[in-house]
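Fold and geometry: a report
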Amino acid sequence: MAIFFFFFFLCLILFYYNLKKILCPKKTTSAPKKWPIIGMMPAALQNVSRAHDYITEVLQLQECNGTFIFKGPLFANLDMVFTADPADVHHILSKNFLNYPKGPEFKKIFDILGDGIFNADSQLWEIHRKLTMSLLKSANFQTVLERIIWQKVEDGLIPVLDHFAETKVFVDFQEIFQRFTFDSISKLLLDYDPCSLSIDLPYIPCEKAFNDIVEALLHRHILPESCWKLMEIVGIGKERSLNRARLACDQFIYSCIRINKEKRPKGFPQGPNQTAGHSGVEFDFLTSLMEDYQNKDKKYDSNLFMKDVFLNLILAGRDTTSATLTWLFWLISKNPLVENKIREEIETELKIKKGEKWRVFNIEESSKLVYLHGAINEALRLYPPVALEHKESKESDILPSGLHIDSNTKVVLSFYSLGRMESIWGKDCLEFKPERWISKRGNVKHEPSFKFPAFNAGPRTCIGKDMAYIQMKMAAATIIHNYQIQALEGHSAQPRDSIILQMKHGFPVKISKRN
């Protein structure tokens, strides 16, 4: 049966790729037409290379008003509800949160994440959240975080940027940020710096594996389960890349856990990063988690569970932060007045003397940069790193928009569309305006999470939100103050086809030092 469905849908896809110009001669400006048997697949294929913008266009149609039902081919289990209605988002993520878990379909698609926090629901999710929150709120956490980021900026980011400034060649800024965040989160979580951010840009299998993961997982959303399951068994296409990525991540994380266990044979005594809460003086994320999770629940294999925990957190720490920094600097490159205002704020608020040599900014200094915070929020609004959120209803429900939801219905929240709705953000919604985030008193303006869900909303709001802002502001302030970034002229900045909103063709830039 699986083979039948695989070849059936493969033929359909090939057939409609060839005939899509006949079926959909132009990029549609109306709701996609529902065809017999194949549903709305032709319109989806016609716009697959611009999926996020297409979803946004459809949701903004007067007939849709922010919520739309997509009908896939018969027997493909691809029917789903898309919404960017703030009231619906608030209802699903907060008011009726218990009725919209990740669901079994999500866990099948994201099986590589195992029993980590992103896949977890109910009691397991509560365990993850409480333990991780207690660690993030440890007294010395910010001190260790600041030291790790500061050291990575000084020993990794600055030398690499200096090197490319001297060679005067274009470099992929997106890759630089991915290496920067991968090294930082690995050091914080696993007490190990893989040093992927070095002048020679070494190939680190685990660091590259995450790009294959986020791309393959999007394809699983598009293809019927029988199709990608068979591809997984046979070992072809994106599933082959995903299996290689799984192996690379497992080897990297298991190796770090093993090394740390060997260093702490009896009760996991502390290493160099010791935490006051565990008879030491500083904070050691890996040891703390190993102590907290060890034998926490006999249902889970200790090593496997620990691996899942770290894989989820590394994925969040590497990809979301690096994607935001990439889009931030692309937007800044297109808006030189914004760049000038950020530099003026740095010099004024931090009292930088004229002609002062380059420097790295700490957490306290970065927190004073309100305009930079607004610029980061604008990048998150226009290009949220997690552009789509997948839910599944447990029981039937009625959304505030009036749409009836049956039980076991797939619901997709489009955060990308939500940030671009004229009805929500005004006629200038597509403009990059950090000013919209600054209050009359000069403070950062708060927007409700169901209007600005870049860090999710409700009980599942991202617990690493503050950590992400700290890392982004420290890195961005240092780069903007010390360097001039010139984007490659004519470069097409398009979202990549992946679950993380990366830049499709990278972000080539030329770097020069500022006088």
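Below you will find a few notes about this structure. (Residues numbered from 1 in each chain as written. Predicted model: local features only at pLDDT ≥ 70, side-chain atom pairs only at ≥ 80, totals over all residues. Heavy atoms only, no water.)

Considerations on the overall build of the protein
Each helix and strand in the protein was counted, giving 19 helices and 9 strands. Counting across all 515 residues of the protein, residues that qualify as buried make up 57%. Look at the contacts in the protein between residues 6 or more apart in sequence, and 71% of them connect residues 24 or more apart. Counting every atom, the protein has about 23000 Å² of accessible surface; 55% of that belongs to carbon and sulfur. (Helix = DSSP H or I, 4+ residues; strand = E, 2+ residues; numbered from the N terminus. Buried < 20%, exposed > 50% of the residue type's maximum accessible area, 1.4 Å probe, protein only. Contact = heavy atoms within 4.5 Å. Areas by Shrake-Rupley, 256 points an atom, 1.4 Å probe, with all protein chains shown as cover.)

Things to note about a nonpolar patch on the surface
A contiguous nonpolar patch, built from Ile37, Leu74 and Phe75 and spanning about 380 Å² of accessible area, is present on the exposed surface. One can find Ile37 in the loop between helix H1 (2-23) and helix H2 (41-46). Exposure remark for Ile37: the relative accessible area of 53% places this residue in the exposed category. (Patch = residues over 30% accessible without salt bridge, like charges linked within 9 Å, V, L, I, M, F, W, Y side chains within 5 Å. Salt bridge = Lys/Arg side-chain N within 4 Å of Asp/Glu carboxyl O.)

Here's the deal with the nonpolar core
Nonpolar side chains tend toward joint burial in soluble globular proteins. Phe173, Phe210, Leu328, Phe329, Ile342 and Ile511 are the most contacted members of the largest nonpolar core, which has 153 residues in total. Among the elements that take part in this core, helix H13 (residues 302-334) stands out by supplying 16 residues, more than any other. In contact with Phe173, not counting residues within four places along its chain, are Leu161, Phe329, Ile479, Ile485, Phe507, Val509 and Ile511. (Core = buried A, V, L, I, M, F, W, Y, C linked by side-chain atoms within 4.5 Å.)

Let's talk about the sheet that holds strand S2 (residues 80-83)
Two orientations exist for strands paired in a sheet by backbone hydrogen bonds: parallel and antiparallel. The strand order across the open sheet formed by 4 strands is S1-S2-S7-S4, and the pairing between neighbours is mixed. Bordering the open sheet on either side are strand S1 (67-70) and strand S4 (388-392), each of which pairs with just one other strand. Neighbour-to-neighbour, the strand axes of the sheet open up by a mean angle of 20 degrees, direction not taken into account. In this sheet, strand S7 (residues 410-414) lies alongside S2 in parallel orientation, the contact comprising 3 bridges. Bridging from a neighbouring strand, Val81 pairs with Val411 of S7. (Pairing = 2+ DSSP bridges. Axes fitted to C-alpha atoms, helices over the stretch in contact; angles between N-to-C directions.)

Here we look at helix H10 (residues 225-234)
The α-helix winds at 3.6 residues per turn, so residues separated by three or four positions along the chain end up facing the same way. Turning to H10, its buried residues number three or more, namely Ser226, Cys227, Trp228, Leu230 and Met231. Within two residues after H10, Gly235 carries a phi angle of roughly 80 degrees, on the positive side.

Digging into the packing of aromatic side chains
According to the stated counting rule, one finds 16 aromatic pairs in the structure shown. Judged by centre distance (6.3 Å) and plane angle (55 degrees), the ring pair of Phe182 and Phe210 falls under tilted. In this pair, Phe182 sits in helix H8 (residues 173-190) while Phe210 sits in helix H9 (residues 205-222), placing the two residues 28 residues apart along the sequence. Judged by relative accessible area, which is 0%, Phe182 ranks as buried. (Phe/Tyr/Trp six-rings, centres within 6.5 Å; stacked < 30°, edge-to-face > 60°.)

Re the packing of H13 against helix H19 (residues 465-482)
Packed helix pairs are specified by the crossing angle of their axes together with the interaxial distance, meaning the distance between the axes. In contact at an axis separation of 10 Å, H13 and H19 are set at 35 degrees when each is read in the N-to-C sense. As for the relative orientation of H13 and H19, their crossing is right-handed in sense. Here Thr321, Thr324, Leu325, Leu328, Phe329 and Ile332 of H13 lie close against H19, whose contacting residues are Ala468, Gln471, Met472, Ala476, Ile479 and Ile480. Tallied by class, the residues present in the contact of H13 with H19 amount to 9 nonpolar, 3 polar and no charged. (Left-handed = near helix turned anticlockwise from the far one by under 90°. Nonpolar A, V, L, I, M, F, W, Y, C, P; charged D, E, K, R; others polar.)

Section: the side chain of Glu392
Relative to the elements of secondary structure, Glu392 occurs in strand S4. Nearest to the buried, unbridged Glu392 among oppositely charged side chains is Lys410, at 6.6 Å. The contact partners of Glu392, leaving out residues within four places of it in the chain, are Asn99, Tyr100, Pro101, Lys102, Gly103, Pro104, Glu105, Asn408 and Thr409. (Lys, Arg positive; Asp, Glu negative; His and termini not counted.)

Focus on empty space enclosed by the protein
The method is simple in principle: a probe with the dimensions of a water molecule rolls over the atoms, and the space it marks as empty is what remains. Counted by the stated rule, this structure contains 5 cavities of 30 Å³ or more. For the largest cavity, the calculated volume is near 140 Å³. Around the largest cavity, the lining is made up of 16 residues, and of these Asn77, Glu105, Ile109, Arg220 and Lys410 lie nearest the centre. Of all the elements in the fold, those that place two or more residues in the lining of the largest cavity are helix H5 (103-109), H9, H10 and S7. (1 Å grid on protein atoms, 1.4 Å probe; cavity = no way out; pocket = protein on both sides within 12 Å on 5 of 7 lines; lining within 4 Å. Points joined across faces, edges and corners; volume = space filled by probe spheres on them.)

A closer look at the pairing of strand S9 (residues 508-513)
Bridge analysis of strand S3 (residues 171-172) against S9 gives 2 bridges, and the strand direction is antiparallel. Following the sheet pairing, Val171 is matched in S9 by Val509. Across 5 bridges, strand S8 (residues 483-487) lies against S9 in antiparallel orientation. Note on S9: the bridge partner recorded for Gln484 is Ser512.

Purely geometric stuff here, so don't read any function into it on its own.
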